[in-house]
Amino acid sequence: MDKQQKTIIHWFRKGLRIHDNPALAEAIDLIRKSPNKYVLRPIFVLDPEIPNWLKVGPNRWRFLQESLLQLDSNLRKIKSRLYVVRGDPKVIFPKLFNEWQVELLTFESDIEPYARQRDMLVEKQAKKFNVNVITTVSHTIYNPELIIQKSQGIAPKQYEGFLKIVSTMSIPEPLEAPAALPAKSKPSKDSNEHTDSKCYDCPALHELGVNEADLGDVLYPGGETEGLKRFQAILRKPDWICGFEKPKTSPNSLKPSTTVLSPYLKFGCISSRLMYSDLQKVLKNKKKHTTPPVSLIGQLLWREFFYTAAASDPNFNRMVGNSFCRQIPWKKNVQHLEAWTYGRTGYPFIDAIMRQLRQEGWIHHLARHAVACFLTRGDLWISWEDGQRVFEELLLDADWALNAGNWMWLSASAFYHLYYRVYSPVSFGKKTDKDGEYIRKYVPELANYPKSMIYEPWTATAAQQREFGCIIGKDYPQRIVIHDVVLKKNMAKMADAYQKHRDGGGGGKFDVDNTQAKPEPQSPKTEPVSPSTSSGCSSSKILKMEQNSTIVKYFKKDPKSP
DNA sequence: GGTTAGTTGATATG
DNA sequence: CATATCAACTAACC
């Protein structure tokens, strides 16, 4: 590398895209202004510690791997590349700052407690090495912190209130992907770049610990190009967009009835602001269209809603110490949890959903409702935290804020309170698939059952079971609970928990059954953390916090004015 | 303090 | 396919 040239690092974490990436754009702007002075190193840090506390199933590892490959490829199109750096960020960054003579670090901010703590440490080290830092809010359409600020410091607890607040806020126009960089801004190879300790190539699946035998077919390939392609295909159906009503889409169609853009949003392969902007353009041209909460825009705003709530509480993904969450005395039941996890509850509709989840990494939103309600308040009375852990592992779109928020919703622990509205594991699926084709696909042992019995195979006589080639209790499980019976008991327990909440308000009042082993923590911090220690912005000086809050800057010195 | 609305329940009925 | 009833919650608003 030219000894005179300094390095600008853009750190990819989520936001695995080059379009509408304001932090990357800041880095590139600076390079264009001083093309002789800087080289750009876009990096992704692969931390080998992560699998020790975060469960990531093989399908999501693959989605990430594909996303990194496409990111590298898209960066190469603009005469750069992706440098995948192996190691713990707190250890890696000081080394890179020193070795590469880094002057600026840019990245997209993240509200997850793990990310906040990690970023705080990296920023501290940046200061020590005299490295400027620019962060942007670009994973969400709005800045969650700003919404909270406009809501008297408390995140809205209902969607309507949320809508009211954001309706007063402006949204920045999405940015185009950058044009090709000047040739000089590509660093020359490190002298030992391709030795084992200095390989910056994208990881192969085996490096990510993925056994290819555990992978399902690639139904939703990861990456920016794939995400944009999928979104473009949606945009070509304006009538479908304008008529979209989430509750009227089917949870058990054989092909997805919704967009399946969630995995791309989770990794930031596609920008939520771009989606918002392009969808609005479609709606403008039509005189009639659906609206939030049921419309497509409404779905994006649900994401914002949960992100805002999650940003205000580091304990958002646990019951205890969570300011949103009602304390409910769930019971541990290892056998029932395992039956649910692997699709062996004896309820074909539930089992089909759980098997689709494991195989494909995506299930419809309402299918998530059905199985989440079944696990918690509806049937098994098992904590939503246990379900959250399974979704965390298996969903391509598993997202800390959205996963926790929706589990609280479905278990009637927060946001949703009509606990007596319970999904039936038998009737609900029949509304959109009366013949049970979905069950036949994902629970093939029941494929020969007639449609009159496929949702309730236990109603078949022994002779019929032999005839259909599937003996209940042998080839397919007996149902592990009787829905009509447990439903009544659970409803009474919910009423009791709600009553106690009214009387005592909040945590610690219940005899929560902790006799079984504690589950694995979902973040490096095992115990609930106090909100005061990890909320909000760092103590660094905020130079710029716009109305729509695209850019928050922390500068020791302004690299633009030498 | 009373009223109303709430992303998408189930069932029976017209 | 739309509506009433079931039983009855909280949050937001007047």
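This structure is a prediction, so every number in the text was calculated from the model and none was measured. (Residues numbered from 1 in each chain as written. Chains lettered and ligands numbered in written order. Predicted model: local features only at pLDDT ≥ 70, side-chain atom pairs only at ≥ 80, totals over all residues. Heavy atoms only, no water.)

**Q** Help me understand the packing of helix α13 (residues 348-360) against helix α14 (residues 365-378), please; the structure alone is not making it clear to me.
**A** How two helices sit against one another is set out by the angle between their axes and by the gap between those axes. Following both chains from N to C, one finds α13 and α14 inclined at 115°, their axes separated by 10 Å at the closest point. Considering only the axes of α13 and α14, their crossing is left-handed. For the pair formed by α13 and α14, the contact residues are Phe349, Ile350, Ile353 and Met354 on the first element and Ala367, Ala370, Val371 and Phe374 on the second. (Axes fitted to C-alpha atoms, helices over the stretch in contact; angles between N-to-C directions. Helix = DSSP H or I, 4+ residues; strand = E, 2+ residues; numbered from the N terminus. Left-handed = near helix turned anticlockwise from the far one by under 90°. Contact = heavy atoms within 4.5 Å.)

**Q** Sorry, what's going on with empty space enclosed by the protein here?
**A** Take a probe with the size of a water molecule and roll it over the atoms, and the empty space left behind shows itself. Scanning the entire structure with this criterion turns up two cavities of 30 Å³ or more. Considering only enclosed or pocket space, the largest cavity measures out at about 70 Å³ in volume. What lines the largest cavity is simply Asn59, Arg62, Phe63, Glu66, Asp217, Val218, Leu219, Tyr220, Pro221, Gln359, Glu360 and Leu396. The set of elements that each furnish at least two residues to the lining of the largest cavity consists of α2 (58-77) and α13. For the lining of the largest cavity, the element with the most residues is α2, which contributes four residues. Contributing to the lining of the second largest cavity are Ile350, Ala370, Cys373, Phe374, Asp379, Tyr423, Ser424 and Pro425. Looking at which element gives the most residues to the lining of the second largest cavity, the answer is α14, with three residues. Split into classes, the residues belonging to the lining of the second largest cavity amount to six nonpolar, one polar and one charged. (1 Å grid on protein atoms, 1.4 Å probe; cavity = no way out; pocket = protein on both sides within 12 Å on 5 of 7 lines; lining within 4 Å. Points joined across faces, edges and corners; volume = space filled by probe spheres on them. Nonpolar A, V, L, I, M, F, W, Y, C, P; charged D, E, K, R; others polar.)

**Q** Explain the pattern of salt bridges here, please?
**A** Side-chain pairing between opposite charges can occur once the charged atoms of the two side chains come close. Within this structure, the stated rule accounts for 29 salt bridges. A salt bridge links glutamate 108 to arginine 17, with the shortest nitrogen-to-oxygen separation between them at 3.9 Å. On the criterion of sequence distance, the pair formed by glutamate 108 in strand β4 (residues 102-108) and arginine 17 in the loop between β1 (6-12) and α1 (22-33) is long-range, its members being 91 residues apart. On the accessibility criterion, arginine 17 (2% relative accessible area) is buried. Of the charged contacts, one joins lysine 55 and glutamate 393 as a salt bridge, the two residues approaching to 3.8 Å between their closest N and O atoms. Residue lysine 55 is located in the loop between β2 (38-46) and α2, and its partner glutamate 393 is located in helix α15 (residues 384-394); the two are separated by 338 residues in the primary sequence. One salt-bridge network, in which partners are shared between bridges, spans Arg13, Arg118 and Asp119. (Salt bridge = Lys/Arg side-chain N within 4 Å of Asp/Glu carboxyl O. Buried < 20%, exposed > 50% of the residue type's maximum accessible area, 1.4 Å probe, protein only.)

**Q** Looking at this structure, I do not really get the side chain of glutamate 385. What am I missing?
**A** Within the secondary structure, glutamate 385 is located in helix α15. For the buried residue glutamate 385, which engages in no salt bridge, the nearest side chain bearing the opposite charge is arginine 389, 4.6 Å off. Apart from the residues within four sequence positions on either side, glutamate 385 is in contact with Asn317, Arg318 and Met319. (Lys, Arg positive; Asp, Glu negative; His and termini not counted.)

**Q** I keep staring at the protein's contact with DNA strand B and nothing clicks. Help me out?
**A** Near DNA strand B you find 18 residues, and of these Pro247, His365, His369, Ser424 and Ser427 are the closest. If you look at DNA strand B and keep only atoms within 4 Å of the protein, 37% of those are sugar or phosphate atoms. Between DNA strand B and the protein, one listed contact pairs a base nitrogen with a side-chain N or O atom of arginine 421 at 3.3 Å. Serine 427 is positioned with one of its side-chain polar atoms (N or O) 2.9 Å from a phosphate oxygen of DNA strand B. At the level of elements, α11 (296-311), α14 and α17 (427-430) are the ones that each hand at least two residues to the surface near DNA strand B. (Near = heavy atom within 4 Å. Polar contact = N/O pair within 3.5 Å; in protein donor to acceptor, adjacent residues only side chain to side chain.)

**Q** Quick question: what am I supposed to make of the layout of surface pockets here?
**A** Here the second largest pocket is characterised by a volume of approximately 800 Å³. Along the wall of the second largest pocket there are 41 residues; nearest its centre are Ile50, Trp53, Leu54, Tyr114 and Arg118. Contributing elements (two or more residues each) for the lining of the second largest pocket: β1, β2, α2 and α4 (113-128). Of the residues forming the lining of the second largest pocket, the biggest block, four residues, is contributed by α4. Of the residues that constitute the lining of the second largest pocket, the class distribution is 23 nonpolar, four polar and 14 charged.

**Q** In this structure, what is going on with α11? I would like to understand it.
**A** Here α11 spans 23 Å end to end across 16 residues, near enough to the 22 Å set by a 1.5 Å rise per residue. In terms of residue burial, α11 counts as a mostly covered element, since 16 of its 16 residues are buried. (Expected span 1.5 Å × (residues − 1).)

**Q** Just to check I follow, could you spell out α15 for this structure?
**A** The periodicity of an α-helix, 3.6 residues per turn, causes residues three or four positions apart to be oriented the same way. Of all 11 residues in α15, 11 are buried; the element is thus mostly enclosed. Of all the residues in α15, the buried ones are Trp384, Glu385, Asp386, Gly387, Gln388, Arg389, Val390, Phe391, Glu392, Glu393 and Leu394. Where α15 is buried, its residues touch α2, α12 (334-341), α13, α14 and α16 (400-410).

**Q** Would you take a moment to explain the protein's contact with DNA strand C for this structure?
**A** Around DNA strand C, the structure places Gln158, Lys164, Arg326, His417, Leu418, Tyr419, Tyr420, Tyr498 and Arg502. Contact between DNA strand C and glutamine 158: a sugar or linking oxygen at 3.2 Å from a side-chain N or O atom of the residue. Between DNA strand C and tyrosine 420, the relevant distance is 2.9 Å, taken from a base nitrogen to a side-chain nitrogen or oxygen of the residue. Its residues assigned to classes, the surface near DNA strand C shows four nonpolar, two polar and three charged.

**Q** Can you walk me through the side chain of arginine 440 in this structure?
**A** Among the secondary structure elements, arginine 440 is positioned in helix α18 (residues 437-442). Using a relative accessible area of 17% as the deciding quantity, one classes arginine 440 as buried. Among the polar contacts listed, one links the side chain of arginine 440 to the backbone oxygen of aspartate 435, at a separation of 2.8 Å. At 2.7 Å, the side chain of arginine 440 forms a polar contact with the backbone oxygen of alanine 447. Setting aside residues no more than four positions away along its own chain, arginine 440 makes contact with Asp435, Leu446, Ala447, Asn448, Tyr449, Pro450, Lys451 and Ile454.

**Q** It is not clear to me how the pairing of β4 should be interpreted in this structure. Could you clarify?
**A** Regular strands place side chains that alternate from one sheet face to the opposite one. In terms of residue burial, β4 counts as a mostly covered element, since seven of its seven residues are buried. Sheet analysis places β4 next to strand β5 (residues 132-136), joined by five bridges and oriented parallel. Bridge pairing links leucine 104 to asparagine 132 in β5. In this fold, the crossover linking β4 to β5 by way of α4 has right-handed handedness. (Pairing = 2+ DSSP bridges. Right-handed = clockwise from strand over helix to strand, strands pointing away.)

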